[in-house]
Amino acid sequence: MSSKPVVLIAEELSPATVDALGPDFEIRHCNGANREELLPAIADVDAILIRSATKLDAEAIAAANKLRVVARAGVGLDNVDVSAATKAGVMVVNAPTSNIVTAAELACGLLVATARNIPQANTALKNGEWKRSKYTGVELSEKTLGVVGLGRIGVLVAQRMSAFGMKVVAYDPYVQPARAAQMGVKLLSLDELLEVSDFITVHLPKTPETLGLIGDEALHKVKPTVRVVNAARGGIVDEEALYSALKEGRVAGAGLDVYAKEPCTDSPLFELDQVVCTPHLGASTDEAQEKAGIAVARSVRLALAGELVPDAVNVQGGVIAEDVKPGLPLAERLGRIFTALAGEVAVRLDVEVYGEITQHDVKVLELSALKGVFEDVVDETVSYVNAPLFAQERGVEVRLTTSSESPDHRNVITVRGTLGDGEEVAVSGTLVGPKHLQKLVAVGDYDVDLALADHMVVLRYEDRPGVVGTVGRILGEAGLNIAGMQVARAEEGGEALAVLTVDDTIPQPVLTELAAEVGATSARSVNLR
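Residues numbered from 1 in each chain as written. Predicted model: local features only at pLDDT ≥ 70, side-chain atom pairs only at ≥ 80, totals over all residues. Heavy atoms only, no water.

## Brief notes about the pattern of salt bridges
- Inspection of the entire model under this criterion finds 30 salt bridges.
- For K363, the salt bridge identified is with E366, shortest N-O distance 2.7 Å. Of the two residues, K363 and E366 both sit in helix 13 (residues 363–375), three residues apart, roughly one turn of that helix.
- The exposure class of K363 is partly exposed, given its relative accessible area of 38%. (Salt bridge = Lys/Arg side-chain N within 4 Å of Asp/Glu carboxyl O. Helix = DSSP H or I, 4+ residues; strand = E, 2+ residues; numbered from the N terminus. Buried < 20%, exposed > 50% of the residue type's maximum accessible area, 1.4 Å probe, protein only.)

## Looking at the sheet that holds strand 6 (residues 144–148)
- Pairing within the open sheet is parallel, and its seven strands lie in the order 8-7-6-9-10-11-12. Both edges of this open sheet fall to strand 8 (186–187) and strand 12 (275–277), since each of them pairs with a single strand only.
- As defined by bridge partners, strand 11 (residues 253–256) adjoins strand 12 across three bridges and the pair is classed as parallel. The partner of G255 across the bridge, within strand 12, is V276.
- Most of the contacts of helix 7 (residues 152–162) go to strand 6, to which it runs at about 170°, and overall it touches strand 6, strand 7 (167–171) and strand 9 (199–202). (Pairing = 2+ DSSP bridges. Contact = heavy atoms within 4.5 Å. Axes fitted to C-alpha atoms, helices over the stretch in contact; angles between N-to-C directions.)

## A word on the side chain of T54
- Structurally, T54 can be placed in the loop between strand 3 (47–50) and helix 3 (58–63).
- Not counting chain neighbours up to four residues away, the residues in contact with T54 comprise A10, E11, G32, A33, L38 and N79.

## Details of the environment of A498
- Counting through the fold element by element, A498 comes out in strand 21 (residues 495–502).
- By relative accessible area, A498 is classed as buried at 1%.
- A498 sits 275 residues away from K223 along the chain, and the two C-alpha atoms are 40 Å apart.
- If we ignore the near neighbours within four places in the chain, the residues touching A498 are V457, V458, L459, Y461, M485, Q486 and V487.

## Examining the sheet that holds strand 22 (residues 522–527)
- In space, the four strands of this open sheet follow the order 20-21-19-22, with antiparallel pairing throughout. Either end of the sheet is taken by a strand with one partner, and the two such strands are strand 20 (482–489) and strand 22. Adjacent strand axes in the sheet meet at a mean angle of 15° when their direction is disregarded.
- Relative to strand 21, strand 19 (residues 455–462) runs antiparallel, the two sharing eight bridges. The partner of V457 across the bridge, within strand 21, is L500.
- Strands in contact with helix 12 (residues 327–342) are strand 19 and strand 22; relative to strand 22, the strand with the most contacts, it is inclined by about 150°.
- Packed onto the sheet, helix 15 (residues 467–477) meets strand 19, strand 20 and strand 21 and runs at close to 155° relative to strand 20.

## Section: the side chain of H455
- With respect to the secondary-structure elements, H455 resides in strand 19.
- On the basis of relative accessibility, which here comes to 5%, the residue H455 falls in the buried class.
- Within the structure, the side chain of H455 is placed 3.0 Å from the side chain of N527, a separation counted as a polar contact.
- Every residue in contact with H455, bar those within four places of it in the chain, is listed here: L500, T501, V502, D503, D504, T505, V526, N527 and R529. (Polar contact = N/O pair within 3.5 Å; in protein donor to acceptor, adjacent residues only side chain to side chain.)

## Some remarks on the packing of helix 15 against helix 16 (residues 508–518)
- Following both chains from N to C, one finds helix 15 and helix 16 inclined at 155°, their axes separated by 10 Å at the closest point. Judged on the interaxial angle alone, helix 16 and helix 15 are roughly antiparallel. Read as a crossing pair, helix 15 and helix 16 show a hand that is right-handed. Touching V467, T470, V471, R473, I474 and L475 of helix 15 are V510, E513, L514, E517 and V518, all from helix 16.
- The residue inventory of the contact of helix 15 with helix 16, partitioned by class, reads seven nonpolar, one polar and three charged. (Parallel < 35°, antiparallel > 145°, perpendicular 65-115°, else oblique. Left-handed = near helix turned anticlockwise from the far one by under 90°. Nonpolar A, V, L, I, M, F, W, Y, C, P; charged D, E, K, R; others polar.)

## Side note on the pairing of strand 11
- Side chains of strand 11 alternate between two faces, with G253 and G255 and A254 and L256 buried alike.
- Bridging between strand 10 (residues 227–230) and strand 11 involves four bridges; their strand directions are parallel. When the bridges of strand 11 are listed, V228 appears paired with A254.
- In this fold, strand 10 hands off to helix 10 (residues 239–247), which returns the chain to strand 11; that crossover is right-handed. (Right-handed = clockwise from strand over helix to strand, strands pointing away.)

## Overview of the pairing of strand 7
- Of the pairings in the sheet, the one linking strand 6 to strand 7 comprises five bridges and is parallel in character. Of the residues in strand 7, the one forming a bridge with T144 is K167.
- Regarding the hand of the β-α-β motif, the stretch spanning strand 6, helix 7 and strand 7 is right-handed.
- Across two bridges, strand 7 lies against strand 8 in parallel orientation. Residue pairing in the sheet places A170 in a bridge with L187 of strand 8.
- As for the winding sense of the linkage, the β-α-β connection from strand 7 through helix 8 (residues 177–182) to strand 8 is right-handed.

Okay, structure coming up:
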């Protein structure tokens, strides 16, 4: 019997992946998509390498008695139960930067193809039709490109299309104007970008807030000559609204690589000659697949050697005290709540940890909070290791403050940020009882006491009678059930703050109606699922 650690390769990967693993492991193979083959094969392995066809859910992870590392040769982790892996002490790694160049190049290709009608002209000519005049296009030079989402891929697209002589503007509330200016990009509001852009390309993560962002309302604000490209996530561009805009001549063309439901082989958009479509090819190049395989192979080597793994998504290198571990998901959720309430990136971010827990090293709580802050901001997987890099790229100063003194709670974690206009946003939470129930205990200067939930709403308004009834009526009419609610105020008749937990995501039109009816100065939806 081999004494080498066992690595199971459950899907076809490039030969370079095996080469990168080296001779120090026993390599086995199986068909991970075949459940009956996977479960017995994973029982005694130390690491497993997969792509998208292998489903590593809680059952599979429980069947792996020796498993230490799950490595996904790609970006997405939809087929891995990260929570179950974390509970089992299994590290999950992916290859977050393996396809950014490939994805950016595809977006650029769709931009060029929609501008010059290349696929349509190619099809016509191969069908024996010489149609030069029908497929007259437009130049990219001196046109305005609107980049919606200035993350790593958005930046690469901006850089490449600038070489075509395009003027680049961008919408991204989580990027500082100075940072954008360094890249030669002008930041605008979304409405301003929609109005001035000749081409629009989307590079955002898919969240409840970005779903349908480029929808019917947005597509009524654009130039009729605009061309829209989505090579990011399906659903950010509303496909029904886009179809209507194209049919009515309010949009000139579109390039799509992603769709709300995939695989997608039957869409009204496919009937339109001015639409260029590809079947989610964003990561589909030999180079990207090879980079992904090599990256995760290196991560497996590091993990099994007990070293720091830069691409780990659920654990940090080094020992974490048992008393600190329950605070990790709380800190991450507080970070996500902070981002939802702030609506933009902070200039300075303070992670404050108070109480008995500070007798241990709590640096990982700062990393967990940062991970949450950027979870819904960037279109990449955020880890404990790359979260500080995202903060650095956006010019965010991060500080960790600790104290053993905590007068009101045994332990409390606060995520506090200063925004560009000087406004301060803060959210605090604690853990209660043997089951470590996560509770929200403060929003800014207001004390609250409410169990955290996947869906919440935070309202600020002038304190007066009838507001609670109005909130209940509007949500009831929308079919949304209130699970919990708390109102806090500094003084009678002054500003009040209401925090609600609800059973489902509140649609933006309902939130807008809610804010208008109660006269809210601020209405924010928080979605943690």
